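# Structural overview
What follows is each chain in one-letter form.
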Amino acid sequence: YDPNVWKDFFETFSEKQVTAVTVALDNEELLNALVMRRIFRNKLRQLLPPNVDLDDSAEVDREVDAHIDKRKSQERGCSEKMFWCLVVPLLRLPPFHMFLAANTLVQKIDFWTKKVQELQKKTYKVTNVFVTFETEEGQRSALAALNVGSIDLARQRSHKIGPHALFHGRILKVVVPAEPNAIRWREMTISTRRKYIQRLVTFAITVGLIIASGFVIHRARRLNTLFFSICVSTFNFCIPQIIKLLLLLERHSNEGSRQKSMYMKITLFRWSNSAILTKTITPFMDTLGESRLDLLRSINGVLIAEMIYAPLLRYLDLWGNFRKHFLAPRSPTQELMNLNFTGTIYNLGERYTDITKLLFVVFFYSALNPNAWFIASAAMFIQYYCDKFCLMRLWSPGAFIGTQLAVFNRRYFLSAALLAFAIVSSYAYAEFPYDNLCDPVEDDGGGLEGGGTVPVTFWNGTSGEINVPGTNSPAIFCRQN
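Keep in mind that this is a model prediction, so the values were computed, not measured. (Residues numbered from 1 in each chain as written. Predicted model: local features only at pLDDT ≥ 70, side-chain atom pairs only at ≥ 80, totals over all residues. Heavy atoms only, no water.)

## Quick word on the overall build of the protein
- Across its full length, the protein carries 17 helices and six strands.
- The buried share of the protein, taken over its 481 residues, is 39%.
- Within the protein, contacts between residues at least 6 apart in sequence are counted, and of these 74% link residues at least 24 apart.
- Carbon together with sulfur atoms contributes 59% to the accessible area of the protein, which is approximately 28200 Å² in total. (Helix = DSSP H or I, 4+ residues; strand = E, 2+ residues; numbered from the N terminus. Buried < 20%, exposed > 50% of the residue type's maximum accessible area, 1.4 Å probe, protein only. Contact = heavy atoms within 4.5 Å. Areas by Shrake-Rupley, 256 points an atom, 1.4 Å probe, with all protein chains shown as cover.)

## A few points about a nonpolar patch on the surface
- Judged by side-chain polarity, Met82, Phe83, Leu86, Val87, Phe96, Met98, Phe99, Leu245 and Leu248 come together as a nonpolar surface patch covering roughly 800 Å² of accessible area.
- The element best represented in the nonpolar patch is helix 4 (residues 78-86), accounting for three residues.
- Looking at where Phe99 falls in the secondary structure, it is placed in the loop between helix 5 (88-91) and helix 6 (102-119).
- The class of Phe99 is partly exposed, set by a relative accessible area of 35%. (Patch = residues over 30% accessible without salt bridge, like charges linked within 9 Å, V, L, I, M, F, W, Y side chains within 5 Å. Salt bridge = Lys/Arg side-chain N within 4 Å of Asp/Glu carboxyl O.)

## A word on the environment of Phe228
- Mapping Phe228 onto the fold places it in helix 10 (residues 225-246).
- Classification of Phe228 by relative accessible area gives buried; the value is 0%.
- Separated by 74 residues in the primary sequence, Phe228 and Val302 have C-alpha atoms spaced 8.2 Å apart.
- Sequence-distant contacts of Phe228, that is, excluding residues within four places in its chain, are made with Ile217, Ala220, Arg221, Thr278, Ser298 and Val302.

## Quick notes on a negative patch on the surface
- Judged by side-chain charge, Asp53, Asp56, Asp61, Asp65, Asp69 and Asp110 come together as a negatively charged surface patch.
- A total of three residues in the negative patch trace back to one element, the largest contributor, which is helix 3 (residues 57-73).
- Mapped onto the fold, Asp61 is located in helix 3.
- Relative accessible area serves as the criterion here: at 41%, Asp61 is assigned to the partly exposed category. (Lys, Arg positive; Asp, Glu negative; His and termini not counted. Charge placed at Lys NZ, Arg CZ, Asp CG, Glu CD.)

## A short note on the packing of aromatic side chains
- Applying the stated criterion across every chain yields a total of 27 aromatic pairs.
- Between the aromatic rings of Tyr315 and Phe389, the centroid separation amounts to 5.3 Å while the plane-to-plane angle is 40 degrees, which identifies the pairing as tilted. With Tyr315 in helix 12 (residues 295-316) and Phe389 in helix 16 (residues 372-393), this residue pair connects regions lying 74 residues apart in the sequence.
- Ring geometry for Phe364 and Tyr365: centres 5.1 Å apart, planes at 65 degrees, overall edge-to-face.
- Among the aromatic residues, those joined into a cluster by ring pairs are Tyr263, Trp271, Tyr352, Phe360, Phe364, Tyr365, Phe408, Tyr412 and Phe413. (Phe/Tyr/Trp six-rings, centres within 6.5 Å; stacked < 30°, edge-to-face > 60°.)

## Considerations on the side chain of Thr206
- Relative to the helices and strands, Thr206 is located in helix 9 (residues 192-223).
- Setting aside anything within four residues of it in sequence, one finds Thr206 in contact with Ile243, Leu246 and Lys265.

## What about unusual backbone geometry?
- Positive phi is not limited to glycine here, since Gln156 has a value of about 55 degrees.
- Along the chain, Gln156 falls in the loop between helix 8 (150-155) and helix 9.
- Take Gln156: its relative accessible area is 25%, and that puts it in the partly exposed class.
- One non-glycine residue, His168, lies in positive phi territory at about 55 degrees.
- As for its placement among the helices and strands, His168 is situated in the loop between helix 8 and helix 9.

## Thoughts on the nonpolar core
- Of all hydrophobic cores here, the largest spans 26 residues; its most connected members are Ala275, Ile299, Leu303, Phe360, Val361, Phe364 and Tyr365.
- Setting aside chain neighbours within four positions, we find Phe360 in contact with Trp271, Ala275, Ile276, Ala417 and Ala420.
- Met36, Leu54, Val64 and Leu105 belong to the second largest nonpolar core, which has 19 residues in total. (Core = buried A, V, L, I, M, F, W, Y, C linked by side-chain atoms within 4.5 Å.)

## Points about helix 7 (residues 136-145)
- Those residues of helix 7 that sit buried are Gly138, Ala142 and Leu143. End-on, the buried residues of helix 7 take up no more than an arc of 135 degrees, which puts them together on one face. Facing away from the buried side of helix 7 by over 90 degrees, the exposed positions are Glu136, Glu137 and Ala144.
- On the buried face of helix 7, the contacting elements are helix 1 (3-10) and strand 2 (126-133). (Arc of directions from axis to C-beta.)

Listed below in structure tokens is the structure:
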């Protein structure tokens, strides 16, 4: 617990002093209780007059009774009654805790206050120690002196390191930490096994969302190309919000790890939704046609929608404007009003997926649709300036996660996109021109001399004939897919 002990130990590796030492404990339950108590206090503050002292129980009870009487005296219209009967009960459940009555908030505050007092009596163990050096040279010197192999660290082979580098006879695991605002202090004590189980569950749910969206897109494509494109872009915008809710089930020690998990799931969905599912649900012979349901026209519609529809939604910033123009003027205190002007929270992992999705779609279809390169370049140009505007004007500052996400994207997803580019392009050239007609290996009389018609069975099980023009060009039916 004593930070001075850690300070004295690490100053032996630096010519200058250690600036600060932060000792983290396994008190996740206590931190969560403190956070929940503050959340309910802020919600109660929004319902009561601004000059009410929330620590004065008698005054709070009096104002709560007055607030309840005032709410009962108000008349509600039909639509408002339906909203309170159908929607509000769902929004009152965790993790939303919205539209709670004032007396319910008081009960929850009392509950969490007693919980905090109970947890403060427990003894907690040290889990992590964060040391801030005066200079970067001191940090590098400490890392070099305390560097040891993972096997030696696990087996505590003290003879593999100098005696001055042992802390009370033990080898320490020393790494460069994340930035202070990127550390998730309430999730640092979760076991590795539990983390992987949580991520496996959320990954399975993500796969289920991919299957469900594929079914909807398949139906939409049969109706209208424009409706199909809008469905794809809408799913690409809405599903990340669902995945963000799924991430509430996961625990990450720093924001970079959380962003990587989000990026992986959203990218998997968007790649499947925009490219793979579209090709899967398209009949083989509808690849190169000019019909509204043919593959290339559908892909052009997706790229154009991503060029216009997605940046427009970010630019409109519907939730941010709702907070600024509706919630802020109705805030009971200056502090709560200021919170509505902090900007819209954005996720760097989600922004990475938009670019990698465009690249993947272009790689997937560029062999058959070269103009996709130009459409995608225009989409990236528009998204760049739209995101630049949002970053400067609309979004709140994000956590400093460094290069974790960039390295993860370059190492795995860009490599996968290039591999898909090579494989899919080779198949595209092999299956061209997508008409289920081939030249026979040997002229056995089964071909067509001088053109004619060939009986075929279409993808939906019906039979028909296709005309094969040409002179002295033998052709046979074959399944190129």
